[in-house]
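Here's the letter readout for the chains.
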Amino acid sequence: MSGRLVIAIDGPSAAGKGTLARRLAAHFCLPHLDTGLLYRAVGVKADRLGLPPEEVAAGLQLADLLAPDLRTDVAGQLASKVAVLPQVRDNLLNFQKKFASQKSGAVLDGRDVGTVICPDAPVKFFVTASAEARADRRYQELRGRGVDTIRPRVLAEMAERDRRDSERAAAPLMAAPDAFLLDTSDMDADAAFAAALAFIARKGFRSSGP
Ligand code: C5P
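Residues numbered from 1 in each chain as written. Predicted model: local features only at pLDDT ≥ 70, side-chain atom pairs only at ≥ 80, totals over all residues. Heavy atoms only, no water.

Asker: I keep staring at the nonpolar core and nothing clicks. Help me out?
Answerer: Nonpolar side chains tend to gather and get buried jointly when the protein is soluble and globular. Ile 7, Ile 9, Leu 20, Leu 24, Val 123, Phe 125 and Ile 200 are the most contacted members of the largest nonpolar core, which has 21 residues in total. Taken together, the elements giving at least two residues each to this core come down to strand E1 (6-10), helix H1 (17-28), strand E4 (123-128) and helix H9 (189-202). Not counting the four nearest positions on each side in its chain, Leu 20 is found in contact with Ile 9, Val 127, Leu 182, Ala 192, Phe 193 and Ala 196. The next biggest cluster of nonpolar side chains, apart from the first, holds 17 residues, and it includes Leu 38, Tyr 39, Ala 41 and Val 88. (Core = buried A, V, L, I, M, F, W, Y, C linked by side-chain atoms within 4.5 Å. Buried < 20%, exposed > 50% of the residue type's maximum accessible area, 1.4 Å probe, protein only. Helix = DSSP H or I, 4+ residues; strand = E, 2+ residues; numbered from the N terminus. Contact = heavy atoms within 4.5 Å.)

This is the structure we're talking about:
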């Protein structure tokens, strides 16, 4: 390997960043941070306790990240509402930067990892897919978990969240200029992983494993 491997992965919801991040972290034996979980935890806790999100973000605890309802679409919407607040983002910044600066290297996925959290990461991906493909995946995932919903509703909620994430003034969702664009509309998880590995190899990094 050449240097410390930090992999920054950004993109809209349900594009496949989480799956890719987990697979790359396992492959390169790196710690992984799903930064969206931080915003979900802040949104859910602030809503439940009626506290200012900025205050919740400043005092976020590990236990908050283990709350059972963080993966729901309601939590996703709450997250994207608190994520527009600059003070919330500021209060979560140091933790994320510290995670990224570990000696081992790291994988982080979210919306502003390559642009704000780790602008110097040697490997950046912007993972995207058509709105239709992403809505289909999210719909199948929700149905698989036994959630009763309809596809148009999934598509509308996803579009609302993506619009809020892209149009906010503070650290909007966008590709870093040096990010590798990975459009997964017609790719399965294996193909996306293979394309990512090929890019990482071109950057001079190889897995030390078998
Ligand atoms: O990735 P996930 O869907 O869990 O993220 C939930 C929300 O958290 C996003 O819609 C976005 O508003 C916010 N977020 C963010 N910056 C990040 C990660 C997530 O604003 N780095």
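Asker: Looking at this structure, how should I read helix H4 (residues 73-82)?
Answerer: Helical periodicity: at 3.6 residues per turn, an α-helix aligns residues three or four positions apart in one direction. Taken residue by residue, H4 has Ala 75, Gly 76, Gln 77, Ala 79, Ser 80 and Val 82 as its buried positions. Against helix H2 (36-49), helix H3 (53-58), helix H5 (86-100) and helix H8 (151-167) lie the buried residues of H4.

Asker: Which parts of the structure should I look at to understand the packing of H4 against H8?
Answerer: Helices that pack against each other are described as a pair by the angle of their axes relative to one another and the distance between those axes. Relative to each other, H4 and H8 sit at 20 degrees, their axes nearing to 9 Å. In terms of orientation, H4 and H8 fall into the roughly parallel class. Of the two possible hands of crossing, H4 and H8 adopt the one that is left-handed. Residues Asp 73, Gly 76, Gln 77, Ser 80 and Lys 81 of H4 touch H8, and the partners they reach there are Glu 157, Glu 160, Arg 161, Arg 164 and Asp 165. Grouping the amino acids of the contact of H4 with H8 by side-chain chemistry returns no nonpolar, three polar and seven charged. (Axes fitted to C-alpha atoms, helices over the stretch in contact; angles between N-to-C directions. Parallel < 35°, antiparallel > 145°, perpendicular 65-115°, else oblique. Left-handed = near helix turned anticlockwise from the far one by under 90°. Nonpolar A, V, L, I, M, F, W, Y, C, P; charged D, E, K, R; others polar.)

Asker: So what exactly am I meant to see when it comes to the packing of helix H7 (residues 131-144) against H8 here?
Answerer: For the pair H7 and H8, the least separation of the axes is 9 Å and the interaxial angle reads 120 degrees. Comparing the axis directions of H7 and H8 gives the class oblique. Between H7 and H8 lies a crossing whose hand is right-handed. Across from Ala 131, Glu 132, Arg 134, Ala 135, Asp 136, Arg 138, Tyr 139 and Leu 142 in H7, the residues of H8 making contact are Arg 151, Val 154, Leu 155, Met 158, Arg 161 and Asp 162. Class assignment of the residues belonging to the contact of H7 with H8 gives a composition of seven nonpolar, no polar and seven charged.

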